[in-house]
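Residue-level listing of the chains:
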Amino acid sequence: MSVRQQLQLIVGGLSQKGAGRPAALSAMGGFLERSRVVAATIFILTVAAIVVISSAGLTTLDAPLLPNQIATTRITAQASFGYESAEKTKTAREQFRNRVPPVYKLDQEPLRRFEAAARMLLTQLAAFEKAHPGTVDPLVTYRPELSAIAETFNSHGPYHATPEDISAVLASGDARTRAAMFENGLATLRDIYAQGVADSALGSSNPGSAVAFQIARANGAVAQRPVQSMEDALTILRVSLATDDVPRPSAQAVFRLFRFGLNPNLVFDRNATQSRQENAVRAVKPVTVNVVSGQTIVDAGDRVTPEIYEMLMAHRRYLREHSDVATQEGLTLFGRVLLVLAMVLASLIYIRIEDPETLRSNVRCGLLALVVIFNLALIRANYSLGGAEFFLRDGAWASTLPYVAPTAFAPLIVAILIDAGSGIFMALLISIFTGVIYGNRLDLLVLTFLASLVAIYTGRDARRRGRLVRAAGTGGMTVAAFAALIGIADQTPVDTLMRQMIAGLGTGLLTGIGVVGLLPVLESLFKRTTDITLLELTDYNHPLLRRMQLEAPGTYHHSLVVAQLSENAANAIGANPLVARVCALFHDIGKTLHPEYFGENHRDRTNPHDLLSPAESARIIKRHVPDGVELALKHHLPRAVIDVIQQHHGTTLVRYFYDRAVEASRAPFARTRGDGRKDRADATKAAPLPPAPPPPPPVDTADYRYDGPTPQTREAAIISLADGVEATTRSLRQVTAEELQHTINRIVGDRIADGQLDHAPLTLEELTRIKNSFQFTLLNMLHSRIAYPSGEKSAEGPLRKTDAS
């Protein structure tokens, strides 16, 4: 250090500029932290912001609904309008389509097939008579031949003629008589087929009643006319074949043969039927639906049918096109204010019970208000996207909007920056208002609250930023899974269901990325420190720690020991061990500016304080606290670290230099008193005694006390005690449990007596645990070791122990 710098340091010139600014900032910070006016302002602004976000311009116009879903709120028409209903038109056309009677055509193929078989039979019978003339009973004599004739006849179709039938036909007369009888039967069949024969399943079951059918003609025209039933056709055929000149058995045999030729010939004509149906559908005009203002479109709890969904979409289109008639609806402003007040007051009561420290801190309350308002604003903005033309045209995409809402954003931030309990209650508050914004959807409330709980549980002890993304992604997976279950229950189409699941999962991942990006800003803005930031500060390659290692190695080693003592003690009483460790590592960084003035860094056994007065030395020693604060601010260390740097010495005395100052002030007075007694003894009889010199002025302790403040947190108190214990035990010649216990009890007792722990939230039980932890840790650090021999001769000698640290 140059002579100039030493002179500036002695007179207090180094780093004096701006010394008043931290005090002013501290006063302003204290006012903002504890002021009831600020707290009331935060409360009023929070209520007002939530009311505006959850009610201003909020209508059922953009409520996302899909066909087959259950409506969660009553929607009424805000204006009279009309629209062409595709659903009702479709229903009407289907009704007309079903009313179109089927068209049939007459199939003549069975008649042609039977006519050919009958004529062949006549030919075969004529040939049989010619081959066997005058046969009296051909069935007995020529049965095989008759059977062959019957088989030939049966081969032309589904006929079942027997030799007995063939024999009876032969007995009806000669060939001319048989031909006339067959021609009569065929003519009757032609007439019956020309009129049509219907199966009894298509028409009336009452004999003698003809049923009218649509019959397609050969030219394509369709006419309605009666058709004979099968029973009536058989009756006509029997009557026409029963002639007087033909024996009865022969007539019955001929009827049995001709019966095979009579089949229903009414065949369904699909093409003609479809053509008539299409003509009928085209003739139906679109159905127009008129809705009057105030008419209920859908009631809460009703299932959204396709007709209701169409009416709702028409209502939205009309209001979009006629914005002059659109009016707001939903809860009244008074009702919404009551709801918001109830929720905010419930939040305050919960915080008052579970975390009163948060309620006493305006910074924490402001953080809660800010992230909740920001989160609700994101949800409201997401809801407003439903009014975009794209989402109005495609309801499947509009149904994904509730699953895109980042409801876990604020709960995750609150859980990390404050605690999990506050995060859970914020999750409930945001889920309730999300359900309200999206039309009082209870399923969405439960789903978003569950997803937020999963995210908070997964990331509650996150010490890596990547774990926050995984935690939010897990919440997104929860949304996707339950969206699938809800979609299956509502019979949502598969493509819409996949969109909703992807939206939920993607929103979870994006929420995690957003939380990771916003955390450093919120930590700096609200002076909060997360375990993630603290863990990053434990990296020994931090510029301040590297500087301490190189320029003040003794202080660096001292800081490591204090960090270990503080971390173990914090674990013992349930304080934050990570905060204790990080703050202890940086608590003496101010010594790196002038390391040679601190005893742990004296390498060459020279002491610069020998050249300075006690007051000047005390000023330099005390200066490492504001220097440390300045370095911490320059390197953007968390507020918790800065507070510990300021508080770790409290308002204790710089004892060594105070004692030197007291001794120095007493020395001249002692010498003066000694010389006066000698002079008075020699001149007892010569002259009267002079008056005694006045006593020296007392040393002002304020010049030798740190500026404070005293420790305000448990971690700061632990570090303050560990700092004194480590410095004192370093000078012990012999380390035993009794000696350590005595030293630790003395240091803690002195701090209590000096009022250094008056503002620290520590109980006597916790102080006992801290002392026991110090003793245990130091005993393991300062244990004795075996002195290893340096040569063969010494190796043969007895081993001795040395107190090595």
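Residues numbered from 1 in each chain as written. Predicted model: local features only at pLDDT ≥ 70, side-chain atom pairs only at ≥ 80, totals over all residues. Heavy atoms only, no water.

For any two helices packed against each other, the geometry is given by the interaxial angle and the distance between the axes. Packing of helix 16 (residues 362-384) against helix 20 (residues 409-417) leaves a shortest axis separation of 8 Å and a crossing angle of 160°. The pairing of helix 16 with helix 20 is recorded here as roughly antiparallel in orientation. Helix 16 and helix 20 meet at a crossing whose hand is right-handed. Every residue of helix 20 that contacts helix 16 at L367, L368, V371, V372, F374 and N375 is listed here: F409, A410, P411, I413, V414 and L417. Along the lines of polarity and charge, the residues of the contact of helix 16 with helix 20 split into 11 nonpolar, 1 polar and no charged. (Axes fitted to C-alpha atoms, helices over the stretch in contact; angles between N-to-C directions. Helix = DSSP H or I, 4+ residues; strand = E, 2+ residues; numbered from the N terminus. Parallel < 35°, antiparallel > 145°, perpendicular 65-115°, else oblique. Left-handed = near helix turned anticlockwise from the far one by under 90°. Contact = heavy atoms within 4.5 Å. Nonpolar A, V, L, I, M, F, W, Y, C, P; charged D, E, K, R; others polar.)

Now for the packing of helix 27 (residues 553-573) against helix 34 (residues 764-781). Between helix 27 and helix 34, the shortest axis-to-axis distance is 9 Å and the interhelical angle comes to 140°. Of the possible angle classes, the one that applies to helix 27 and helix 34 is oblique. Here helix 27 runs over helix 34; the crossing is right-handed. For the pair helix 27 and helix 34, contact is made by V561, Q564, L565, N568, A569, A572 and I573 and by E766, R769, I770, S773, F774, T777, L778 and M781, respectively. Across the contact of helix 27 with helix 34, the residue classes break down as 9 nonpolar, 4 polar and 2 charged.

Quick look at helix 3 (residues 36-55) now. For helix 3, built from 20 residues, the straight-helix expectation of 28 Å at 1.5 Å per residue is met to within 8% by its first-to-last C-alpha distance of 28 Å. Turning to helix 3, its buried residues are V38, I42, T46, V47, A49, I50, V51, I53, S54 and S55. (Expected span 1.5 Å × (residues − 1). Buried < 20%, exposed > 50% of the residue type's maximum accessible area, 1.4 Å probe, protein only.)

To continue, consider the pattern of salt bridges. Considering all chains together, one arrives at 20 salt bridges under this definition. R190 serves as the salt-bridge partner of E115, at 2.7 Å between the closest nitrogen and oxygen. Of the two residues, E115 is situated in helix 5 (residues 109-131) and R190 in helix 9 (residues 175-195); the sequence distance between them amounts to 75 residues. In this structure E115 comes out as buried when scored by relative accessible area, which is 19%. For R190, a relative accessible area of 30% puts it in the partly exposed group. A salt bridge links E164 to R143; its shortest N-O distance comes to 2.9 Å. With a gap of 21 residues between them, E164 in helix 8 (residues 163-170) and R143 in helix 7 (residues 143-154) connect regions that are remote in the sequence. Residue class for E164 comes out partly exposed when judged on its relative accessible area of 36%. (Salt bridge = Lys/Arg side-chain N within 4 Å of Asp/Glu carboxyl O.)

Looking now at unusual backbone geometry. Here the residue pair G708 and P709 is connected by a cis peptide bond, since its omega of 10° sits within 30 degrees of zero. On the secondary structure map, P709 appears in the loop between helix 31 (655-682) and helix 32 (714-729). At H636, a residue that is not glycine, the phi angle is positive and equals roughly 60°.

This paragraph deals with the confidence of the model for the chain. Looking at the chain, pLDDT values average 80 and 82% of them are 70 or higher. Note on residues 325-331: pLDDT under 50 across the span, and 17 contacts to partners over four residues away in sequence or across chains. (pLDDT = per-residue confidence, 0-100.)

So, about the nonpolar core. With 52 residues, the main nonpolar core has F586, I589, L637, I770 and F774 as its most contacted residues. With residues near it in sequence (within four places) discarded, F774 still touches L565, A569, I718, L721, A722, V725 and I744. Counting 47 residues, the second-largest nonpolar core is a separate cluster that includes L376, I416, I437 and L519. (Core = buried A, V, L, I, M, F, W, Y, C linked by side-chain atoms within 4.5 Å.)

A separate point is helix 11 (residues 248-259). With 12 residues, helix 11 ought to run about 16 Å at 1.5 Å a step, and its terminal C-alpha atoms sit 16 Å apart, in line with that. All buried positions along helix 11 are accounted for by S250, A251, A253, V254, F255, L257 and F258. For helix 11, the elements touching its buried residues are helix 5, helix 7, helix 8, helix 9 and helix 10 (230-241).

On to the packing of aromatic side chains. Within the structure shown, the criterion is met by 16 aromatic pairs. Here F114 and F153 contribute two aromatic rings whose centre-to-centre distance is 6.1 Å and whose plane-to-plane angle is 80°, an arrangement assigned as edge-to-face. Taken together, the residues F114 in helix 5 and F153 in helix 7 connect sequence positions 39 residues apart. Residue classification places F114 among the buried residues on the basis of a relative accessible area of 0%. Geometrically, the ring pair formed by F128 and Y142 is edge-to-face, given 5.7 Å between the ring centres and 85° between the ring planes. Highlighted residues: F128 in helix 5 and Y142 in the loop between helix 6 (138-141) and helix 7, separated in sequence by 14 residues. Residue classification places F128 among the buried positions, given a relative accessible area of 7%. (Phe/Tyr/Trp six-rings, centres within 6.5 Å; stacked < 30°, edge-to-face > 60°.)

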